[in-house]
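# A look at the structure
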Amino acid sequence: MNIDMLRVFCSVVEQQSFSLGAAQHRISQSAATQAIQRLEEHFGTQLLDRRKRPPMLTPAGEICHQEFRKIIELYDAVGDRIRVLGDEIQGHVRVAAIYSVGLYGLGHCMQQFMVSYPRARVQLEYLRPADVYEAVQSGRVDLGIVSYPAALRGLDVIPLRSEEMVLTCHAQHPLAGRKSVGLSALGGEKFVGFDRDLPIRKEIDRQLRQQNVSVEVVLEFDNIETIKQAVEIGAGISILPEPTVCKEVRIGTLAAIRLRGCSLQRPIGILHRDRLVFSPTVARFVELLQQMPVAKLSEAG
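Summary of the structure given here. All of these numbers come straight from a predicted model, not from anything done at the bench.

About the criteria used
- Residues numbered from 1 in each chain as written.
- Predicted model: local features only at pLDDT ≥ 70, side-chain atom pairs only at ≥ 80, totals over all residues.
- Heavy atoms only, no water.
- Helix = DSSP H or I, 4+ residues; strand = E, 2+ residues; numbered from the N terminus.
- Buried < 20%, exposed > 50% of the residue type's maximum accessible area, 1.4 Å probe, protein only.
- Contact = heavy atoms within 4.5 Å.
- Areas by Shrake-Rupley, 256 points an atom, 1.4 Å probe, with all protein chains shown as cover.
- Lys, Arg positive; Asp, Glu negative; His and termini not counted.
- Charge placed at Lys NZ, Arg CZ, Asp CG, Glu CD.
- Phe/Tyr/Trp six-rings, centres within 6.5 Å; stacked < 30°, edge-to-face > 60°.
- Arc of directions from axis to C-beta.
- Polar contact = N/O pair within 3.5 Å; in protein donor to acceptor, adjacent residues only side chain to side chain.
- Core = buried A, V, L, I, M, F, W, Y, C linked by side-chain atoms within 4.5 Å.
- Pairing = 2+ DSSP bridges.
- Right-handed = clockwise from strand over helix to strand, strands pointing away.
- Salt bridge = Lys/Arg side-chain N within 4 Å of Asp/Glu carboxyl O.

### Some remarks on the overall build of the chain
Within the chain one finds 10 helices and 12 strands. Taking all 301 residues of the chain together, 47% fall into the buried category. At a minimum sequence separation of 6, the contacts of the chain that also span at least 24 residues come to 75%. Total accessible area on the chain stands at roughly 15400 Å², and carbon and sulfur atoms take up 50% of it. If the 36 positive side-chain charges of the chain are averaged to one point and the 34 negative ones to another, these points end up 1 Å apart.

Set out below in structure tokens:
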């Protein structure tokens, strides 16, 4: 039994496929199957139920996956720490982020990180919020970046920033010329909202209820890009995080007005598994994330 066998086992489990797990390590599907068979022979028990599609972990397999992932992380962290002695940061950082944070906050960070540490690699994927949590909990990624982060079982949260929420409307809307408005100004307006199960929608609804403001929700979407498109064609107004509308405000397709008399903020946090010891590479990436400036409307012209 060696570290490569543990890696192959974890990849097959996380990809839910022998062929995809094997491809991650540039080996044949047969070689991946043989590696897992050797593990099962070593422990004297079945780790994967191959009769099911996708293959399912047995109770023993669940234990092995959890503990093998920890062993791999510790092994990689040792290598990273040794390389740091020679002032060299290398290795992988695996990140999952919700679309709105990834699109507006990670591109520049990743570019700067790879320029600073050319031998390091960042693997970024965009997922829905629930899938980000699952990816972190399963160990498929090192870090998850979400809004309204929750420290669920087995997870810790590093606060990253809070983004001010702004009223967003078509550039020709009657409210577009205002510098700030209270929530009462939204009463009776057609409103393009987030899906009802998202934390950001629940917080907006809570603030509107607190001030007895009723809007007419005409459309609901699960992502900011589609909401902005609906607002741009005049379908209604919306409330969106400030950094996500700076580009449109700059080119004049949207107007953004600050909200007064309420405390609408979108908190952003970094998820990681609790008791996880960051490798130097992951630690440097987290530090860079914390240093990244956030786009403001004043910068949008």
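### Description of the packing of aromatic side chains
A ring pair, where both rings are aromatic, is described by two values, the distance of the centres and the angle of the planes. Going through the model one piece at a time under the given rule, you end up with 5 aromatic pairs. Taking 6.2 Å as the distance between ring centres and 35 degrees as the angle between the ring planes, the aromatic pair formed by Phe43 and Phe68 counts as tilted. Within this pair, whereas Phe43 is found in helix α3 (residues 29-43), its partner Phe68 is found in helix α4 (residues 59-85), the two being separated by 25 residues in sequence. Ring geometry for Tyr99 versus Tyr126: centroids 5.9 Å apart, planes at 35 degrees, classification tilted. Here Tyr99 is found in helix α5 (residues 99-116), whereas its partner Tyr126 is found in strand β4 (residues 120-126), with 27 residues between them in sequence. The exposure class assigned to Tyr99 is partly exposed, which follows from its relative accessible area of 42%.

### Observations regarding helix α8 (residues 224-232)
Buried within α8 we find Ile224, Ile227, Lys228, Ala230 and Val231. Viewed end-on, α8 has its buried residues packed into an arc of 160 degrees, placing them on one side of the element. Here α8 starts with a cap whose side-chain oxygen sits 3.3 Å from the backbone nitrogen of Glu225, and that cap is Asn223. Gly234 sits one or two residues past α8 and shows a positive phi near 85 degrees.

### What about the side chain of Ser238?
Secondary-structure assignment places Ser238 in strand β10 (residues 238-241). Separated by 2.7 Å, the side chain of Ser238 and the backbone oxygen of Val192 make a polar contact. With residues near it in sequence (within four places) discarded, Ser238 still touches Val166, Leu167, Thr168, Phe191, Val192, Ile227 and Val231.

### Some remarks on the nonpolar core
In this structure, Leu167, Leu186, Phe194, Ile204, Ile239 and Leu259 are the most contacted members of the largest nonpolar core, which totals 35 residues. Listed by contribution, the elements that provide at least two residues to this core are β6 (155-170), β8 (190-194), α7 (199-210), α8, β10 and β11 (254-260). Element by element, the count of residues in this core is highest for β11, at 5 residues. The contact partners of Ile239, leaving out residues within four places of it in the chain, are Met165, Val166, Leu183, Leu186, Phe191, Phe194, Ile204, Leu259 and Leu264. Core analysis: the next-biggest nonpolar cluster, separate from the first, contains 33 residues, Met110, Val132, Leu288 and Leu289 among them.

### Concerning the pairing of β8
Taking burial as the measure, the 5 residues of β8 include 4 buried ones, the bulk of the element. Here 5 bridges tie β8 to strand β9 (residues 216-221), and the two strands are oriented parallel to one another. The partner of Phe194 across the bridge, within β9, is Phe221. On the question of chirality, the crossover connecting β8 to the parallel β9 by way of α7 is right-handed.

### Overview of unusual backbone geometry
Cis geometry is found at the peptide bond from Arg53 to Pro54, where omega equals 0 degrees. Notably, Gln16 is not glycine yet its phi reads approximately 55 degrees, a positive angle. With respect to the helices and strands, Gln16 occurs in the loop between α1 (3-15) and α2 (18-24). Judged by its relative accessible area of 49%, Gln16 falls in the partly exposed class.

### A closer look at the pattern of salt bridges
Under the definition given, this model contains 21 salt bridges. Salt-bridge contacts for Arg51 lead to Asp49; the nearest nitrogen and oxygen are separated by 3.1 Å. Residue classification places Arg51 among the exposed residues on the basis of a relative accessible area of 73%. Note on Asp49: relative accessible area 9%, which makes it buried. Of the charged contacts in the structure, one is a salt bridge between Glu248 and Lys228, with a shortest N-O distance of 2.9 Å. With Glu248 in helix α9 (residues 246-251) and Lys228 in helix α8, this residue pair connects regions lying 20 residues apart in the sequence. Of the two residues examined, Glu248 and Lys228, each falls in the buried class. What emerges from the salt-bridge pattern is a single network uniting Arg196, Arg201, Asp205 and Glu220.

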